[in-house]
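Here is how the chains run, residue by residue.
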There are 2 protein chains.
Amino acid sequence: MDKILRVNMSTGKTTTEPVPAPYAALGGRGLTSQVLLDEVPPDCEPLGPFNKLILAPGLLSGTSAPSSGRMSAGAKSPLTGGIKESNAGGIASQKIANLGYKAIIIEGKPAAGEQYLLKLTPGGVELLPAGDLAGKGGYETVALLKQRYGEKVGVVFVGPAGEMLMAGAGIGNNDPEGHAGRYAGRGGLGAVMGSKGLKAIVIDAPRTFDVPVKDKERFKTAAKKFADILHAHPVTGQALPAYGTNVLMNIINEAGTLPTRNFRRGRFDQANDVGGEKLAEACTARGGKATHACHPGCVMRCSNIFILPDGRSLGSLEYETAWGFGPNLEIADLDVIGELNYVCNDAGLDTIEAGCTLGVLMEAGVIPFGDGKAAVEALKEVGKGTPLGRIIGAGATFAGKVYGVTRIPSVKGQGIPAYDPRSCRGNGVTYATTPMGADHTAGYAVTANILKVGGDVCPITDEGQIELSRNLQIATAAVDATGLCLFVAFAVLDNPEGLPMIIEMLNAMYGLSLTADDVMALGRHILHTEKEFNTGAGFAKADDRLPEFFYNEELEPHQTRFALRDELDQVINF
Amino acid sequence: MDKILRVNMSTGKTTTEPVPAPYAALGGRGLTSQVLLDEVPPDCEPLGPFNKLILAPGLLSGTSAPSSGRMSAGAKSPLTGGIKESNAGGIASQKIANLGYKAIIIEGKPAAGEQYLLKLTPGGVELLPAGDLAGKGGYETVALLKQRYGEKVGVVFVGPAGEMLMAGAGIGNNDPEGHAGRYAGRGGLGAVMGSKGLKAIVIDAPRTFDVPVKDKERFKTAAKKFADILHAHPVTGQALPAYGTNVLMNIINEAGTLPTRNFRRGRFDQANDVGGEKLAEACTARGGKATHACHPGCVMRCSNIFILPDGRSLGSLEYETAWGFGPNLEIADLDVIGELNYVCNDAGLDTIEAGCTLGVLMEAGVIPFGDGKAAVEALKEVGKGTPLGRIIGAGATFAGKVYGVTRIPSVKGQGIPAYDPRSCRGNGVTYATTPMGADHTAGYAVTANILKVGGDVCPITDEGQIELSRNLQIATAAVDATGLCLFVAFAVLDNPEGLPMIIEMLNAMYGLSLTADDVMALGRHILHTEKEFNTGAGFAKADDRLPEFFYNEELEPHQTRFALRDELDQVINF
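Cut-offs used in this document
- Residues numbered from 1 in each chain as written.
- Chains lettered and ligands numbered in written order.
- Predicted model: local features only at pLDDT ≥ 70, side-chain atom pairs only at ≥ 80, totals over all residues.
- Helix = DSSP H or I, 4+ residues; strand = E, 2+ residues; numbered from the N terminus.
- Buried ≥ 20, exposed ≤ 12 C-beta atoms within 10 Å, placed from the backbone.
- Contact = placed C-beta atoms within 7 Å.
- Pairing = 2+ DSSP bridges.
- Axes fitted to C-alpha atoms, helices over the stretch in contact; angles between N-to-C directions.
- Parallel < 35°, antiparallel > 145°, perpendicular 65-115°, else oblique.
- Nonpolar A, V, L, I, M, F, W, Y, C, P; charged D, E, K, R; others polar.
- Least-squares fit on C-alpha atoms with pLDDT ≥ 70 in both.

Draft legend 1. Main features of the environment of Leu120(B). Residues and elements named next belong to chain B. With respect to the secondary-structure elements, Leu-120 resides in strand β7 (residues 116–121). Given 25 C-beta atoms within a 10 Å radius, Leu-120 is considered buried. When the C-alpha positions of Leu-120 and Gly-154 are compared, they lie 9.7 Å apart, and in sequence the two are 34 residues distant. When neighbours within four sequence positions are excluded, Leu-120 is seen to be in contact with Leu-99, Val-125, Ile-201, Ile-203 and Asp-204.

Encoded structure:
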């Protein structure tokens with residue numbers, strides 16, 4: 001990973017540049033956020049020519065480091081108006097890394113209506129006209145490009161939602177079987193890619209794990225030990241491989257923090273019908289897979305393959321999606337949830353944002369709660385670009401504003417995910433304060449609040465939540481720079497040998513002598529970078545708060561309200 | 001005006017309170033903004049129970065002071081998310097003042113779907129159920145309530161847009177003939193009134209000019225002199241009475257600062273077809289009126305009565321409306337513009353915001369530029385509450401976000417009015433920096449930039465614009481506290497006897513000894529109050545900028561771009 005690819009969509013020119021020295025120690029989110037601060041005016045129009053889209057594998061991506069295949073996408077977000085990084089599994093990241101690219105920077109803007117395809121091979125880079133792909137869904141886009149360029153190519157793409165510049169659009173890439181379902185979904189980055197006229201990036205790379213490593217033996221030993229640590233932990237070694245992320249459904253419901261009926265209650269009495277255990281059964285029964293790796297070399301294998309009743313293969317159905325279209329809408333049917341997921345993957349829409357948006361439209365009375373058929377029909381409007389489809393595609397906040405809804409579950413314009421902040425208050429702190437807009441992955445306090453991993457912090461009192469979220473946000477920013485899947489944190493938080501082994505891999509790969517302090521310093525640096533961008537974009541203290549109703553409505557079953565306000569200003573204050 | 005009426009919509013209770021001492025010297029915008037800062041949490045949900053709607057006549061309203069019948073409405077805005085004051089002519093203000101109310105504070109929130117009518121008479125206050133008025137248009141609402149409560153009542157109302165909580169909804173009141181067309185239109189205050197379940201306020205007051213005045217003779221003399229000053233100035237004494245506000249159309253077009261085709265050009269070759277001279281002809285030809293007073297005692301009489309081809313009487317057609325639906329959309333037909341205006345008045349929608357919104361939808365290709373029929377059809381969707389109607393009703397910014405438009409002419413979420421900021425840069429400074437969101441009335445630099453009233457500042461250079469806007473913003477805040485129509489400023493800026501005469505009226509009325517410095521201090525205090533609220537609501541420096549395209553696209557015919565950025569932070573910095 002010794003070069004950066006710059007693609008100017010105004011001129012069609014592509015240039016390959018050496019990696020500037022200050023970027024050498026950055027990867028993934030660390031790199032996308034730094035490039036944004038360095039090159040993009042924070043107050044620019046997110047869908048205009050001055051915004052840039054940056055794709056970056058992590059520091060360890062493209063090696064044999066276990067579960068290191070995350071790809072970071074970064075840009076100024078059309079959803080939040082602030083800095084955004086969203087990362088995804090799938091096979092693209094390892095291929096980009098193995099072609100030697102530390103980052104791809106997409107900049108400028110072509111004439112209206114022009115669509116392009118970026119093709120990366122060991123032989124070089126081509127920017128090709130792609131008008132023939134305009135309007136095509138995610139599944140068809142991936143299938144066509146695999147047919148055209150080879151079964152094993154990685155495809156980074158946007159669906160019609162991204163092409164139509166919808167603020168809820170994500171950037172997808174394919175899993176090893178070609179499902180168009182691994183999304184850097186959050187923050188509307190698909191609309192940024194759409195605004196650049198870039199329909200897809202095809203990556204044809206013969207290698208997967210061969211990014212240069214300075215000390216191969218030392219690296220191999222560390223990677224093996226790290227895999228052992230992941231295998232040995234009950235979450236990463238047993239629960240996730242057996243039931244996938246949706247193992248959380250019954251756990252979070254039992255904890256009373258499963259947002260139900262647009263965050264009106266913390267429990268859904270039919271949660272089990274849409275939980276991980278039932279999902280694993282359904283996957284197996286229809287000839288899918290209950291466990292599956294979203295990219296080569298993942299040892300946690302938390303992905304699955306869900307087959308819809310008519311035989312279409314969805315790809316993986318994740319917990320956040322099952323929640324957003326399930327309890328959040330009072331829908332208790334996995335097939336309906338799977339269909340909604342399929343429509344999102346095809347249109348190119350973030351499922352969390354779409355779930356929150358449908359919840360808001362149900363709040364507004366546009367669709368009845370619990371009506372799966374109406375929800376599917378409404379969501380299908382997105383791909384057609386009708387006024388209702390546009391509203392849905394624009395995300396929960398804009399949809400809520402259009403309908404005058406006062407109970408919009410979002411922070412900085414981004415929908416709140418599957419843990420109610422009132423009874424998982426550490427997550428509430430993260431939602432409010434992360435520069436990313438409401439994001440569970442930015443500081444996943446479910447660990448100590450609910451799962452009792454890496455500590456035990458009572459989820460319904462305020463004590464310790466600020467520190468918990470702060471520490472997790474710092475650690476997460478660092479992990480997001482490595483390309484490791486965040487789920488390694490379950491094991492790393494509990495096993496004192498986990499973090500040293502990540503550092504050992506980094507040191508062996510780059511010939512460095514990093515310490516744990518250096519890694520935490522990197523995390524802090526990334527958060528500072530992002531906060532600085534957001535300040536320039538106009539964010540203020542009032543943007544680091546939860547919506548009013550979380551402070552004023554009691555949540556069943558624990559009868560608890562969120563109460564932290566001014567204390568939130570202490571989270572990213574170091 | 002010795003009492004404040006407080007209406008709690010949660011409980012249905014109304015209370016009459018004495019005026020607290022610190023509020024005695026405040027009126028209109030000065031009072032609405034102060035009550036908001038004192039009683040409303042700046043970070044509250046604008047359509048929730050913690051926001052309050054305040055109606056306040058000005059300090060001179062309800063007396064014989066010429067042109068003093070403005071009513072201020074204030075609330076946290078659902079359109080901008082910040083503090084908002086919007087004021088209107090019409091007959092309500094004088095009636096409220098003559099019943100002795102210095103302000104009406106509407107607070108709390110009733111159960112969903114409940115609608116009420118507030119009735120004010122010399123005998124007291126009643127809050128009555130008004131479910132029978134739900135969904136009724138502005139014209140019908142006023143007609144029904146006049147029929148029910150008497151020909152001479154004042155009616156403050158919201159249309160279906162306000163009831164449906166649309167962020168572009170205004171608060172209307174009637175002119176002396178009963179047209180439902182005098183709007184405190186800006187900032188979505190109609191949605192706040194709608195969120196309170198308040199369909200209308202009927203004010204039955206036998207008197208118009210009899211608010212107590214301490215020194216009646218002194219007051220009468222000053223008022224007479226002030227009227228003479230207004231009569232003597234060419235703008236307030238000749239141009240406005242002859243052609244109304246739309247006299248500006250040809251002047252602003254000639255100046256090359258008439259926003260055309262969603263702010264793509266500064267001139268419209270058919271401007272004359274929709275200008276004041278043609279409008280006056282059309283008003284007279286169909287039996288309307290070319291000149292007319294929107295409230296008793298106005299000496300400028302800049303209003304008109306425009307009759308639509310089928311005989312419906314619109315009420316007054318103003319310059320900003322003629323621009324928003326005319327040049328802005330490349331529509332050159334006064335009858336089409338009149339129809340669009342009628343639809344807005346009936347739905348209860350701000351015409352400036354609606355004009356900007358239709359411009360944005362034309363930019364997005366939803367409606368073709370210049371297609372009046374399609375524009376009328378689209379606008380009629382507002383009252384029906386369809387998805388497209390909701391989008392239009394939500395205003396230019398939300399509509400633009402839903403359609404991924406990058407050329408949205410708005411600041412702080414509010415649409416930019418009828419003077420392009422690139423070639424009327426003093427107005428650009430005002431749009432960017434007023435706490436109100438883009439608002440020409442907050443610091444109307446057209447005076448010195450174009451009309452050469454009160455000075456001569458070149459409109460297409462940056463020199464002097466900061467000071468010009470700052471001084472106008474301070475003076476305007478003070479004028480908005482008096483209840484005087486802002487148009488008195490044309491005369492006051494040119495005639496050194498103007499301001500002393502306003503002060504003389506205030507001193508005679510209240511037994512004070514105010515000086516010009518005191519009045520300017522009041523203006524500064526109001527701006528500080530508003531800025532403090534907005535800081536609490538999350539506004540930052542980046543919110544005091546114009547949209548990107550004004551900095552990057554040259555405007556014909558002067559080939560000029562807006563360039564002021566950091567200097568803008570010096571405007572309200574005293």
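Draft legend 2. Looking closely at the sheet that holds strand β15 (residues 313–315) of chain A. Residue and element names in this part refer to chain A. Ordered in space as β13-β14-β15, the three strands form an open sheet in which the pairing is antiparallel. Unpaired on one side and paired on the other, β13 (289–292) and β15 mark the two borders of the sheet. For this sheet, the mean inter-axis angle between neighbouring strands, taken without regard to orientation, is 25°. Here β13 pairs with strand β14 (residues 303–307) via two bridges, running antiparallel. From the neighbouring strand, His-292 faces β14, where its bridge partner is Ser-303.

Draft legend 3. Here's a closer look at the packing of helix α11 (residues 334–347) of chain A against helix α13 (residues 372–384) of chain A. All names here are of chain A. Interhelical geometry of α11 versus α13 gives an angle of 5° and a closest axis separation of 9 Å. Judged on the interaxial angle alone, α13 and α11 are roughly parallel. In this structure, α11 uses Val-336, Glu-339, Leu-340, Val-343, Asp-346 and Ala-347 to contact α13, whose residues at the interface are Gly-372, Ala-375, Val-376, Leu-379, Lys-380, Val-382 and Gly-383. Tallied by class, residues from the contact of α11 with α13 come to eight nonpolar, two polar and three charged.

Draft legend 4. Representation of the relation of the copies chain A and chain B in the model. Superposition record for chain A on chain B: RMSD 0.0 Å, screw rotation 180°, translation along axis 0.0 Å. Such a turn and shift between the copies fits a two-fold axis. Minimal C-alpha distance to the rotation axis in chain A is attained by Pro387(A), lying at 2.8 Å. When the interface residues of chain A are mapped onto chain B, 100% of them again lie at the interface, so the same face is used by both copies.

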